[in-house]
Amino acid sequence: AQKVTQAQTEISVVEKEDVTLDCVYETRDTTYYLFWYKQPPSGELVFLIRRNSFDEQNEISGRYSWNFQKSTSSFNFTITASQVVDSAVYFCALRPGGYQKVTFGTGTKLQVIP
Amino acid sequence: GAGVSQSPRYKVAKRGQDVALRCDPISGHVSLFWYQQALGQGPEFLTYFQNEAQLDKSGLPSDRFFAERPEGSVSTLKIQRTQQEDSAVYLCASSLAIGDGYTFGSGTRLTVV
């Protein structure tokens, strides 16, 4: 069985602060993929990143960075110098290798205050 | 099309009524998925198609739920005899190749009264 836990339900930060969204996952598969999606108020889920279980190299994309640590089964997401447009619900998700079903966490609602 | 298109955007159904939700994936996308998202929750998997073949329907909550993709492009999710617990946002997603990140539509918000 697959499980994704996002313990932070809601986070509020002031614009330009850095913020980290936590994600912990459980799986028995040795091959799997991890994702982050953003869901703005409009409702459409926007794909941000995919990592496979064999690639623990951290990734940076502009103000976004991701820290994947297999030892702690975590895949955390950091936004540097947050902006109001970052306000959204962020979902972490897991897909086992060889399967198409993706398991989502319950999401973290991020509010960036101007 | 440029993105995944879902219609209608909103649907209000009386309990017991049948509904049909449509999804137009991105042209050429092989994989198509349906997810159900209850208020304040993450999306929950319903079913998956590869072209016209429904390869996984393990997430469909009951036999009142039925999905099809007869020509490998447009898909329809049908819910018969709707119940209040069916109220949710129904999301469709597609991907070009197996394993890619999904492109989601804006969803259909179903309210059963």
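Scope of this entry: the structure provided in the associated data block.

Our focus in this paragraph is the overall build of chain A. Scanning chain A from terminus to terminus reveals 0 helices and 12 strands. Starting at the N terminus and ending at the C terminus, chain A contains elements arranged as β-β-β-β-β-β-β-β-β-β-β-β. Against the 2.2 N^0.38 benchmark of 13 Å for 114 residues, chain A shows a C-alpha radius of gyration of 14 Å, consistent with a compact globule. Dimensions of chain A along its principal axes, counting C-alpha atoms only, are 45 × 25 × 20 Å. Expressed as a percentage of the 114 residues in chain A, the buried residues total 43%. Long-range contacts, defined as pairs at least 24 residues apart, comprise 55% of the intrachain contacts of chain A with a sequence gap of at least 6.

Below, the discussion takes up the environment of Ser82 of chain A. Residue and element names in this part refer to chain A. Mapped onto the secondary structure, Ser82 falls in the loop between strand 9 (74–79) and strand 10 (88–96). Along the sequence, Ser82 and Gly98 sit 16 residues apart, while their C-alpha atoms lie 36 Å from each other. Among the polar contacts listed, one links the side chain of Ser82 to the backbone oxygen of Glu17, at a separation of 2.8 Å.

Turning our eyes to something else, we now look at the sheet that holds strand 1 (residues 5–7) of chain B. All names here are of chain B. Reading across from one edge, 1-3-8-7 is the order of the 4 strands in this open sheet, with antiparallel pairing throughout. Two strands close off the open sheet at either side, each with one partner strand: strand 1 and strand 7 (65–68). Ignoring which end each strand starts from, the neighbouring axes of this sheet average 15° apart. In the sheet, strand 7 pairs with strand 8 (residues 75–79) via 4 bridges, with the strands oriented antiparallel.

Another point: the environment of Thr30 of chain A. Residues and elements named next belong to chain A. Take Thr30: it is sitting in the loop between strand 4 (24–26) and strand 5 (32–39). We classify Thr30 as exposed; its relative accessible area is 60%. Along the backbone, Thr30 and Gln100 are 70 residues apart, and their C-alpha atoms lie at a distance of 15 Å. The contacts of Thr30, once residues within four sequence positions are left out, are Ser53 and Phe54.

Definitions and limits used
- Residues numbered from 1 in each chain as written.
- Chains lettered and ligands numbered in written order.
- Predicted model: local features only at pLDDT ≥ 70, side-chain atom pairs only at ≥ 80, totals over all residues.
- Heavy atoms only, no water.
- Helix = DSSP H or I, 4+ residues; strand = E, 2+ residues; numbered from the N terminus.
- Rg over C-alpha atoms; globule rule 2.2 N^0.38 Å.
- Buried < 20%, exposed > 50% of the residue type's maximum accessible area, 1.4 Å probe, protein only.
- Contact = heavy atoms within 4.5 Å.
- Polar contact = N/O pair within 3.5 Å; in protein donor to acceptor, adjacent residues only side chain to side chain.
- Pairing = 2+ DSSP bridges.
- Axes fitted to C-alpha atoms, helices over the stretch in contact; angles between N-to-C directions.

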